[in-house]
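Letter by letter, the chains look like this.
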Amino acid sequence: MSVEIPHSSDGAQSTAAKMAAVLGSEEMFDPIRRGDIVQRVVVPERRLAVQAAVDADYTTAFTEKLGLDEHGKPPAGATFVSRAMPASVTVRRYDSREATVDVWCAGLLGLTGKAPQPVAGHHQLVHPDPDRALE
């Protein structure tokens, strides 16, 4: 079932918050799923730039530091947790064709059980600018 998103400032805020939550999910740590997400949630003319930005954020070194394999999977006996919970959404610019929205998120990231990176809280600002997609 497809839900029509209103072309309004409120619709832009709602969409940006949903995108931030998806971009902060466990699926982003799997390179194939990450590509699928970018294809699903980013407009065609921005996909290449956004894909490059998130690939630069989700490096092999980062996933290994968390204790994940190259596909974003945790070791046996552990559960990987990655959640971005939008806390504040600000529309910086809106017109009938385009919106620029910042989303502040609180988050959880890490592994349950005996893990090199236990679940801990963090915060980030999700930017619409692909050069600063996730900070």
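First things first, this report covers the structure right here in the doc. Just so it is clear, the structure is predicted and the values come from calculations on it, not from any experiment. (Residues numbered from 1 in each chain as written. Predicted model: local features only at pLDDT ≥ 70, side-chain atom pairs only at ≥ 80, totals over all residues. Heavy atoms only, no water.)

### So, the overall build of the protein
Of the regular secondary structure elements, the protein holds four helices and three strands. Listing each helix as α and each strand as β along the protein from the N terminus yields α-α-α-α-β-β-β. Among the 135 residues that make up the protein, the fraction classed as buried is 34%. Long-range contacts, defined as pairs at least 24 residues apart, comprise 48% of the intrachain contacts of the protein with a sequence gap of at least 6. (Helix = DSSP H or I, 4+ residues; strand = E, 2+ residues; numbered from the N terminus. Buried < 20%, exposed > 50% of the residue type's maximum accessible area, 1.4 Å probe, protein only. Contact = heavy atoms within 4.5 Å.)

### Details of helix α2 (residues 31-41)
Every buried residue of α2 is accounted for by R34, G35, I37 and V38. Buried residues of α2, seen end-on, are gathered within an arc of 160 degrees and therefore sit on one face of the element. The exposed residues of α2 that point more than 90 degrees off its buried face are I32 and R40. In the core, the buried residues of α2 are packed alongside α1 (9-23) and α3 (47-57). For α2, the side-chain oxygen to backbone nitrogen distance between the N-cap and I32 is 3.0 Å, and the N-cap itself is D30. (Arc of directions from axis to C-beta. Polar contact = N/O pair within 3.5 Å; in protein donor to acceptor, adjacent residues only side chain to side chain.)

### Side note on the packing of α2 against α3
Direction vectors running N to C along α2 and α3 enclose 145 degrees, while the axes themselves pass 10 Å from each other. Here the hand of the crossing between α2 and α3 comes out right-handed. For the pair formed by α2 and α3, the contact residues are R34, G35, V38 and Q39 on the first element and R47, V50, Q51, V54 and D55 on the second. Of the residues contributing to the contact of α2 with α3, the split by class is three nonpolar, three polar and three charged. (Axes fitted to C-alpha atoms, helices over the stretch in contact; angles between N-to-C directions. Left-handed = near helix turned anticlockwise from the far one by under 90°. Nonpolar A, V, L, I, M, F, W, Y, C, P; charged D, E, K, R; others polar.)

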